[in-house]
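Letter by letter, the chains look like this.
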Amino acid sequence: FKDFSEGGIVRVYKDREISDNPENAEVDLRRAFDNHVSGDIKLVGVSLRVFFNQTGPFFQSIHRLASRSQVDSSIKIKALVSHPSSHEVGCRAEMETPNMKEKLIQSDIMISVANMQHINEQFAQPSIEYGYYGSAPYCTLVIFPDRCFFSPNILAKTAPVRLPMIVFREGSH
């Protein structure tokens, strides 16, 4: 644990899923969104589906932040997702849904972007800046000014993969 602390790790969850234990990664991350008062929140992931799905566990928290950003310009939400036509997304789609004509990962990306656009359309000023990248970072990151939530991803036929979520403090590598 001393090595974890010296490496900037403040918490390790067995996975990022909701659980019976009230102290789980999903609750901690939702609390971080709900308690955020100033600065950028940066989200990076292949599709960020779990964050921008209207029925997902974080959508309402992100929507409330978007609303607050209208009166407090110090709150900014920035998101990067894979470009749906990138080579790596095609490879990932083949691995995750090999027999499907319409690849789910590409749909997930387009739905996430549509939901970000929908949030922006509800307010006078855009609340979410978003963009695309060409190569997939096989992880999901949510970076707050004081900490970073990191969850690795792997190409797996089943989802969720149930890999750990690691929380790093500000200033760690």
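Here, every reference points to the structure presented above.
None of the values given here were measured: they were computed from a predicted structure. (Residues numbered from 1 in each chain as written. Predicted model: local features only at pLDDT ≥ 70, side-chain atom pairs only at ≥ 80, totals over all residues. Heavy atoms only, no water.)

Trainee: Before we go on, may I ask you to explain the overall build of the protein chain in this structure?
Mentor: Helix and strand counts for the protein chain come out as six helices and seven strands. Starting at the N terminus, the α and β elements of the protein chain follow one another as α-β-α-β-α-α-β-α-α-β-β-β-β. Relative to its length of 173 residues, the protein chain is compact, with a C-alpha radius of gyration of 16 Å against a globular reference of 16 Å. Principal axes of the C-alpha set define a box for the protein chain whose edges measure 45 × 45 × 30 Å. Of all 173 residues assigned to the protein chain, the portion counted as buried reaches 42%. Taking the contacts inside the protein chain whose residues are at least 6 apart along the sequence as the reference set, 67% of them involve residues at least 24 apart. Summed over all atoms, the accessible surface of the protein chain reaches about 9600 Å², with 55% contributed by carbon and sulfur. The distance from the centre of the 19 positive side-chain charges to the centre of the 20 negative ones in the protein chain is 1 Å. (Helix = DSSP H or I, 4+ residues; strand = E, 2+ residues; numbered from the N terminus. Rg over C-alpha atoms; globule rule 2.2 N^0.38 Å. Buried < 20%, exposed > 50% of the residue type's maximum accessible area, 1.4 Å probe, protein only. Contact = heavy atoms within 4.5 Å. Areas by Shrake-Rupley, 256 points an atom, 1.4 Å probe, with all protein chains shown as cover. Lys, Arg positive; Asp, Glu negative; His and termini not counted. Charge placed at Lys NZ, Arg CZ, Asp CG, Glu CD.)

Trainee: Mind showing me how you'd approach the packing of helix 5 (residues 87–96) against helix 6 (residues 104–121) here?
Mentor: Helices that pack against each other are described as a pair by the angle of their axes relative to one another and the distance between those axes. Where helix 5 meets helix 6, the closest approach of the two axes is 8 Å, and the angle between their N-to-C directions is 125°. On the basis of their axis angle, the class for helix 5 and helix 6 is oblique. Each of Val89, Arg92, Ala93 and Glu96 in helix 5 lies in contact with helix 6, whose residues at this interface are Ile105, Gln106 and Ile109. Split into classes, the residues belonging to the contact of helix 5 with helix 6 amount to four nonpolar, one polar and two charged. (Axes fitted to C-alpha atoms, helices over the stretch in contact; angles between N-to-C directions. Parallel < 35°, antiparallel > 145°, perpendicular 65-115°, else oblique. Nonpolar A, V, L, I, M, F, W, Y, C, P; charged D, E, K, R; others polar.)

Trainee: Whenever I open this one, a nonpolar patch on the surface confuses me. Can you help?
Mentor: A cluster of nonpolar side chains, namely Phe1, Phe4 and Val12, defines an oily patch on the protein surface of about 370 Å² accessible area. Among the secondary structure elements, Phe1 is positioned in the segment before helix 1 (2–6). (Patch = residues over 30% accessible without salt bridge, like charges linked within 9 Å, V, L, I, M, F, W, Y side chains within 5 Å. Salt bridge = Lys/Arg side-chain N within 4 Å of Asp/Glu carboxyl O.)

Trainee: Explanation requested: the packing of aromatic side chains in the structure shown.
Mentor: Each pair of aromatic rings is reported with the distance of its centres and the angle of its planes. In this structure the tally under the stated criterion is six aromatic pairs. An aromatic cluster is present here, built from Phe33, Phe51, Phe58, Phe144 and Phe149 joined pairwise through their rings. (Phe/Tyr/Trp six-rings, centres within 6.5 Å; stacked < 30°, edge-to-face > 60°.)

Trainee: I'm lost on helix 6 in this one. Help?
Mentor: One turn of an α-helix holds 3.6 residues; hence residues three or four places apart share an orientation. Taking 1.5 Å of rise per residue, the 18 residues of helix 6 would be expected to cover 26 Å, and the 25 Å separating its terminal C-alpha atoms lies within 8% of that figure. Packed against the buried residues of helix 6 are helix 3 (49–52), helix 4 (59–69), strand 3 (75–82), helix 5 and strand 4 (128–133). (Expected span 1.5 Å × (residues − 1).)

Trainee: What is the right way to read the pattern of salt bridges from this model?
Mentor: Pairs can form between side chains of opposite charge once their charged atoms are near each other. Tallied over the full model, the rule gives eight salt bridges. With a closest N to O distance of 3.2 Å, Asp34 and Arg64 form a salt bridge. With Asp34 in helix 2 (residues 25–35) and Arg64 in helix 4, this pair connects stretches of sequence that are 30 residues apart. Judged by its relative accessible area of 45%, Arg64 falls in the partly exposed class.

Trainee: I'm lost on the pairing of strand 2 (residues 39–44) in this one. Help?
Mentor: Within a regular beta strand, the side chains point alternately toward one face of the sheet and then the other, so they alternate between its two faces. Inspection of the sheet shows strand 2 paired to strand 3 by six bridges, in the parallel sense. Paired with Val44 across the two strands is Leu80, which belongs to strand 3. Across three bridges, the pairing between strand 2 and strand 5 (residues 139–143) is antiparallel. When the bridges of strand 5 are listed, Lys42 appears paired with Ile143. (Pairing = 2+ DSSP bridges.)

Trainee: What is the right way to read the nonpolar core from this model?
Mentor: Buried together is how nonpolar side chains tend to be arranged in soluble globular proteins. Judged by nonpolar contacts, the single largest core of 34 residues is most densely connected at Leu29, Phe33, Leu43, Phe51, Phe52, Ile62 and Val142. At the level of secondary structure, the elements contributing two or more residues to this core comprise helix 2, strand 2, helix 3, helix 4, strand 3, helix 5, helix 6 and strand 7 (165–169). Counting residues per element, this core draws most heavily on helix 6, at five residues. By size, the runner-up hydrophobic cluster in this structure holds five residues, among which are Val44, Tyr133, Cys139 and Cys148. (Core = buried A, V, L, I, M, F, W, Y, C linked by side-chain atoms within 4.5 Å.)

Trainee: Quick question: what am I supposed to make of unusual backbone geometry here?
Mentor: Phi is mostly negative for residues that are not glycine, and the peptide bonds are mostly trans. Even without glycine at this site, Leu48 takes up a positive phi of about 55°. Within the fold, Leu48 resides in the loop between strand 2 and helix 3. Judged by relative accessible area, which is 4%, Leu48 ranks as buried.

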